[in-house]
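# Geometric and topological summary
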Amino acid sequence: MALEFNAVTKRFETNGGVLTAVSDVSFKVDEGEFVAVVGPSGCGKSTLLSMTAGLYQPSQGEVRVSNVPVTGPNSHVGFMLQKDLLLPWRSIVGNIEFGLEARGVGKSERRARAMQELKHCHLDGFERHFPYQLSGGMRQRAALARTLAVDPEIILLDEPFSALDAQTKLLLQNSFAGTIAETGKTTLLITHDLAEAVLMSDRILVLSERPGRIVAEINVDLPHRDQPLKRRVMPEVSTYAAQVFKHLKLEEKAEEVMA
Amino acid sequence: MTDAAHSSTGAPVAPASPGKPRASLPVNGTMLASLSLLVLVLLAWEFVPPALDVPKFIIPTVTDCLAELQRMWAQERLASHIASTALYTVLGFLIGSAMGAAIGYLLGMSAFWEKVLSPYILALQIAPKVAFAPLFIMWFGYNATPKLLVTVLIVFFPVLVNVLQAMRTVDRDLVNLARAYNLSRWGIFFKIEMPSTLPNLMAGLRIASTLAVIGVTVGELVGGNVGLGFLISYGGGQANAAMVFNAILFLTLIGIALYAILVRIEERVLHYLPKAEH
């Protein structure tokens, strides 16, 4: 099992008391699977991701990556946010090498692996450029290259496309899906874009309002996971999206009734 | 600065078009206006005070100043005074900013000590540093130590405060990224925090460079018998306004030189920041 959440609850101490971000979340992700997590904003999607990356520990329950409990930052996981988080003072190839440096990879091998990922992410020729010289879409591709360079077992994507314009987004989704399918990496995509979830994933987990819990699990039984642009024109896509939408809506109504 | 950037980027392509004469100084409108203004002020300075019968010891004319400059060079060992002031400006700047940066980074890494020390830092930052000069003279005597100390003290705080401020505002997500990649605390410092704070450090150094001249001048004014600050108090005592004017001119030039060097270094170091188009 690539990734496993067992009855995970995460509470934060805040000024106003205790805030439960996610509550009793359990799910499993198979090796090579692409799972999308959708939910209303503030439902603790990013909390799931941070716990997988080992940035903080669950209050209850257990997160396992490759059957090993996550106790801290580890080399199994590579993560990517909405912000590209490229270091502005490093060239693109230097940025891609960044993750490898902490892992004691030698200089020449670092460069070789970075150049390989650069090619993977269709950035050849831009290795000497600096981040400010690249467009938003290219910067995200560079961030993906950096994530892939450390050869993680799981890739965590936290709304990586949400800061991009509509067309760049479609192209980048396609490019990411292709690259990820090629590498066969297990991927967890956090998004609030329902169409994106349907287009890119094998399975969708729907989270409720805070405290986030899983209210639905939808298998996306469509071909062309590696080419969202092809999936996009399939009539079934809207059916799936409607299904996800329905689950989100239900929760909102339940909240209104309670209020 | 734009000229320099122009010629340095233009240089590599110059051989491709050998026929074209290389553009000399791009004299544009604003530069012309600035120079005209300078000429106008110098002319007014030369001719207005005599016309109004202002005595020479109140406002010496430009030619008076130039004559005095020649005399100072020949009889007052002007060169050694300039050298001494320049040396202690640079020395004080280097020591003060190195200490400011070091302590800024140390406090930036420890939230506890920052909180403990911040009221005192604020108090010392507000205290007029030049007022310490007489104390330093009492403690260390009429030598170079007091002026060096005043300079170090005055340079120290803007660098410290800028670095500390920048350390507080380092992007948490970048730090988390580094943590997720298993970087050690020192790795995070050298690979994320240091470079992130570089723009602020450079800004602090630029401010400090202008203050360094003030520190040295005050140190020399209060005590000592060498340096441009000494020439100012000496000239003032003799009602020799031209000497004071000349000393101020050279102090300004030292400050400008230091500032210009820092701007050059900053351009080199922060090359990765997109330049504002204008």
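It should be emphasised that the depicted structure is a prediction, and the values quoted were computed from it without experimental measurement.

Counting its secondary structure elements, chain B contains 11 helices and 0 strands. When the helices and strands of chain B are placed in sequence order, the string is α-α-α-α-α-α-α-α-α-α-α. Within chain B, contacts between residues separated by at least 24 positions form 73% of all contacts whose residues are at least 6 apart in sequence.

Here the focus is the overall build of chain A. For chain A, the helix and strand inventory stands at 8 helices and 10 strands. Against the globule reference of 18 Å for 259 residues, chain A gives a C-alpha radius of gyration of 18 Å, in line with a compact fold. Projected onto its principal axes, the C-alpha positions of chain A cover 60 × 45 × 35 Å. Here chain A holds 259 residues, and 44% of them are scored as buried. At a minimum sequence separation of 6, the contacts of chain A that also span at least 24 residues come to 70%.

A few words on the sheet that holds strand β3 (residues 34-38) of chain A. Residue and element names in this part refer to chain A. Pairing is mixed across the open sheet formed by 6 strands, whose spatial order is β6-β7-β8-β3-β9-β10. Every interior strand has two partners, whereas the edge strands, β6 (77-80) and β10 (214-219), have only one. Averaged over all adjacent pairs, the angle separating strand axes in this sheet is 15 degrees, with direction ignored. The pairing of β3 with strand β8 (residues 186-191) spans 5 bridges and is parallel. Residue pairing across strands places F34 opposite T187, the latter belonging to β8. Packed onto the sheet, helix α1 (residues 45-53) meets β3, β6, β7 (154-158), β8 and β9 (203-207) and runs at close to 150 degrees relative to β7.

So, about the interface of chain A and chain B. Chain A puts 18 residues into the contact, and the matching count from chain B is 13 residues. Looking at the side of chain A that touches chain B, its residues break down into 14 nonpolar, 2 polar and 2 charged.

Residues and elements named next belong to chain A. Here chain A is partitioned into domain 1 (3-76 + 154-258) and domain 2 (86-151). At the junction of the two partners, domain 1 supplies 12 residues and domain 2 supplies 12 residues. Considered class by class, the residues forming the side of domain 1 that touches domain 2 number 7 nonpolar, 5 polar and no charged.

Right, let's get into the packing of helix α8 (residues 172-180) of chain B against helix α9 (residues 185-222) of chain B. All names here are of chain B. Where α8 contacts α9, the two axes come as close as 10 Å, and the packing angle between them is 160 degrees. Considered as vectors, α8 and α9 are oriented roughly antiparallel to each other. In the packing of α8 onto α9, the handedness of the crossing is right-handed. Where α8 abuts α9, its residues L174, V175 and A178 lie against G187, I188, K191, I192 and S196. The residue makeup of the contact of α8 with α9, split by class, is 5 nonpolar, 2 polar and 1 charged.

Residues and elements named next belong to chain A. Reading across from one edge, β2-β1-β4-β5 is the order of the 4 strands in this open sheet, with antiparallel pairing throughout. Either end of the sheet is taken by a strand with one partner, and the two such strands are β2 (17-29) and β5 (68-69). Here 5 bridges tie strand β1 (residues 3-14) to strand β4 (residues 60-65), and the two strands are oriented antiparallel to one another. When the bridges of β4 are listed, L3 appears paired with V65.

Below, the discussion takes up the pairing of β6(A). All names here are of chain A. Where burial is concerned, the two faces of β6 agree: the one with V77 and F79 and the one with G78 and M80 are both buried. Pairing geometry for β6 and β7, over 4 bridges, is parallel. Of the residues in β7, the one forming a bridge with F79 is L156.

Between its terminal C-alpha atoms helix α5 (residues 166-183) of chain A stretches 26 Å, which fits the 26 Å expected from 18 residues at 1.5 Å a residue. Turning to α5(A), its buried residues number three or more, namely A:L172, A:Q173, A:F176, A:A177, A:T179 and A:I180.

Attention now goes to the packing of helix α4 (residues 78-109) of chain B against helix α7 (residues 144-168) of chain B. For the pair α4(B) and α7(B), the least separation of the axes is 6 Å and the interaxial angle reads 35 degrees. Crossing hand, α4(B) versus α7(B): right-handed.

Glancing now at the environment of B:F57. Residue and element names in this part refer to chain B. Inspection of the secondary structure assignment puts F57 in the loop between α2 (29-51) and α3 (62-75). Measuring from C-alpha to C-alpha, the distance between F57 and N240 comes to 5.9 Å, with 183 residues separating the pair along the chain. Beyond its immediate chain neighbours, meaning those up to four positions away, F57 contacts A239 and A241.

So, on to the pairing of β2(A). All names here are of chain A. Pairing between β1 and β2: 9 bridges, direction antiparallel. Opposite F12, over in β2, you have L19 as the bridge partner. From the end of β1 to the start of β2, which pair antiparallel, there are 2 residues.

The rules we used
Residues numbered from 1 in each chain as written. Chains lettered and ligands numbered in written order. Predicted model: local features only at pLDDT ≥ 70, side-chain atom pairs only at ≥ 80, totals over all residues. Helix = DSSP H or I, 4+ residues; strand = E, 2+ residues; numbered from the N terminus. Contact = placed C-beta atoms within 7 Å. Rg over C-alpha atoms; globule rule 2.2 N^0.38 Å. Buried ≥ 20, exposed ≤ 12 C-beta atoms within 10 Å, placed from the backbone. Pairing = 2+ DSSP bridges. Axes fitted to C-alpha atoms, helices over the stretch in contact; angles between N-to-C directions. Nonpolar A, V, L, I, M, F, W, Y, C, P; charged D, E, K, R; others polar. Domains from an automatic or database assignment. Parallel < 35°, antiparallel > 145°, perpendicular 65-115°, else oblique. Left-handed = near helix turned anticlockwise from the far one by under 90°. Expected span 1.5 Å × (residues − 1).

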